[in-house]
Amino acid sequence: MILITGGAGYIGSHCALEFLNADEKIVIFDSLENGHIETINALKKIGNFDFVQGDLKNINDVEKLFKNYKIDTVIHFAGYIQVEESVKNPQKYFENNVGGTLNLLNSMVKYGVKKIVFSSTCAIYGEPEYIPLDENHKKNPVNPYGETKLEIEKQLAEYDEKYGIKSICLRYFNVAGADSETRIGEWHEPETHLIPNILNNKQTFKIFGNDYDTKDGTCVRDYVNVEDLVKAHKLACEYLKKENKSDCFNLGSEKGYSVKEVFDCAEKIIGRKIDYEIMPRREGDAVILLANSTKAKKILGWNNEKTLEESIKTAYLWYNYHS
Ligand code: UDP
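Computed from a predicted model, the values in this text were never measured in an experiment.

What about the overall build of the protein?
Within the protein, the secondary structure is distributed over 11 helices and 13 strands. Computed over its C-alpha atoms, the radius of gyration of the protein comes to 19 Å, within 12% of the 20 Å expected for a compact globule of 323 residues. Seen along its three principal axes, the alpha-carbon backbone of the protein occupies a region of about 55 × 45 × 40 Å. Counting only residues that meet the buried cut, the protein has 55% of its 323 residues in that class. Accessible area for the protein stands at about 14400 Å²; split by element, carbon and sulfur atoms hold 46% of it.

As for the site of the ligand
Not every one of the 15 residues close to the ligand is listed here, only the nearest: Leu194, Lys206, Arg221, Arg282 and Asp285. Backbone polar atom of lysine 206 to a nitrogen atom of the ligand: 2.7 Å apart, as the coordinates give it. Coverage of the ligand by the protein chains reaches 89% of its 510 Å² of free accessible surface. Sorting the residues of the shell around the ligand by element identifies helix H7 (194-199) and strand E8 (205-208) as the ones contributing at least two each.

Here we look at unusual backbone geometry
Among all residues save glycine, negative phi is the norm, and among peptide bonds the norm is trans. Of the consecutive residues isoleucine 131 and proline 132, the connecting peptide bond is found in the cis state with omega at -5 degrees. Position of proline 132 among the secondary structure elements: in the loop between strand E5 (115-121) and helix H6 (144-163). With an omega dihedral of 0 degrees, the bond running from glutamate 189 to proline 190 counts as a cis peptide bond. Among the secondary structure elements, proline 190 is positioned in the loop between strand E7 (174-176) and H7. Even without a glycine there, the phi angle at leucine 32 is positive, about 65 degrees. Topologically, leucine 32 is positioned in the loop between strand E2 (26-30) and helix H2 (37-44).

A word on the pattern of salt bridges
Tallying each qualifying case throughout the model produces 21 salt bridges. Close ionic contact of arginine 171 with glutamate 153 constitutes a salt bridge, the shortest N to O distance being 2.6 Å. Taken together, the residues arginine 171 in strand E6 (residues 166-172) and glutamate 153 in helix H6 connect sequence positions 18 residues apart. The buried category is assigned to arginine 171, whose relative accessible area is 4%. Judged by its relative accessible area of 10%, glutamate 153 is buried. For the salt bridge of lysine 260 with aspartate 264, the shortest nitrogen-to-oxygen distance reads 3.1 Å.

A look at helix H1 (residues 10-21)
When the terminal C-alpha atoms of H1 are compared, their 17 Å separation across 12 residues agrees well with the 16 Å that a helix rising 1.5 Å per residue should span. Among the 12 residues of H1, 11 are classified as buried, and the element is accordingly described as predominantly covered. Along H1, the positions that sit buried rather than exposed are Tyr10, Ile11, Gly12, Ser13, His14, Cys15, Ala16, Leu17, Glu18, Phe19 and Leu20. One or two positions beyond H1, positive phi appears at aspartate 23, with a value near 60 degrees.

What counts, and at which threshold
Residues numbered from 1 in each chain as written. Predicted model: local features only at pLDDT ≥ 70, side-chain atom pairs only at ≥ 80, totals over all residues. Heavy atoms only, no water. Helix = DSSP H or I, 4+ residues; strand = E, 2+ residues; numbered from the N terminus. Rg over C-alpha atoms; globule rule 2.2 N^0.38 Å. Buried < 20%, exposed > 50% of the residue type's maximum accessible area, 1.4 Å probe, protein only. Areas by Shrake-Rupley, 256 points an atom, 1.4 Å probe, with all protein chains shown as cover. Near = heavy atom within 4 Å. Polar contact = N/O pair within 3.5 Å; in protein donor to acceptor, adjacent residues only side chain to side chain. Salt bridge = Lys/Arg side-chain N within 4 Å of Asp/Glu carboxyl O. Expected span 1.5 Å × (residues − 1).

By themselves, these figures tell us nothing about what the structure is for.
This is the structure:
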């Protein structure tokens, strides 16, 4: 059985959907602090699984989970994800992300669970020294969120060495889009991410900084489609089973788009002008992030198929359905 932590959240729920479609046995663990029961209910219409509400920070919740389910592999999404909030309140991020993962790993040791796929991030690299970023790039996070993810990667390496737990760290670039059948999608409260904020017609869209050293002055990111992204988790589980060794992989589309380009693309899809205003730079933002995903393609056999346009289209369908 596969344990999915954070399975009521954005990427975790799309991953759960992928595994349900493949008839895999899963149990979802989520505190519902940021995840949604409605997402669990939508998944329940697709396939059978158990949902356990609990907090990784609470060791009793975690131990009970491992006692009650015969878990073979963990896919670990649960964690706080807001860069700006992490700058304001690093302690909250270290306690939850690093502390919670420690409880998870210690329970894995106790219950003899040896495989974990971890939801990491390109934020562990910080400001790129070269582009595109490969897995060997220097790790120098520019915000506490990225620091917590890097710290967890280090924990995982230690737990491999000391306890033989094999891990695959999947370093996501900017994840975008929604289930192509609009059953689940991106749902954060508050929403801080670019695409849902552009689509949100209840507020004026804010561009955070237009004085960066890029083609149009706005930050450049690599947007990878969520349905493409979650496929890598299945491949990572298969890899762990077959190869039984730890590794890390960048997951991105290998194409860079500026904030303004994403905005222009969204305007085209929506078919009308969107109001926007220029704001100061947002603290903790890197100027440009762009993936080299050759390793994931070569070793995992992963492929990035969907375009930015397709991601914005599914995000828009989800926004209309959900709002
Ligand atoms: N961004 C923006 N307005 C928003 C949200 C994001 O201009 O309402 C910019 C942000 O400054 C960054 C890019 O869009 O340059 C992507 O931000 P997001 O929060 O989606 O992802 P991150 O790169 O922080 O993981």
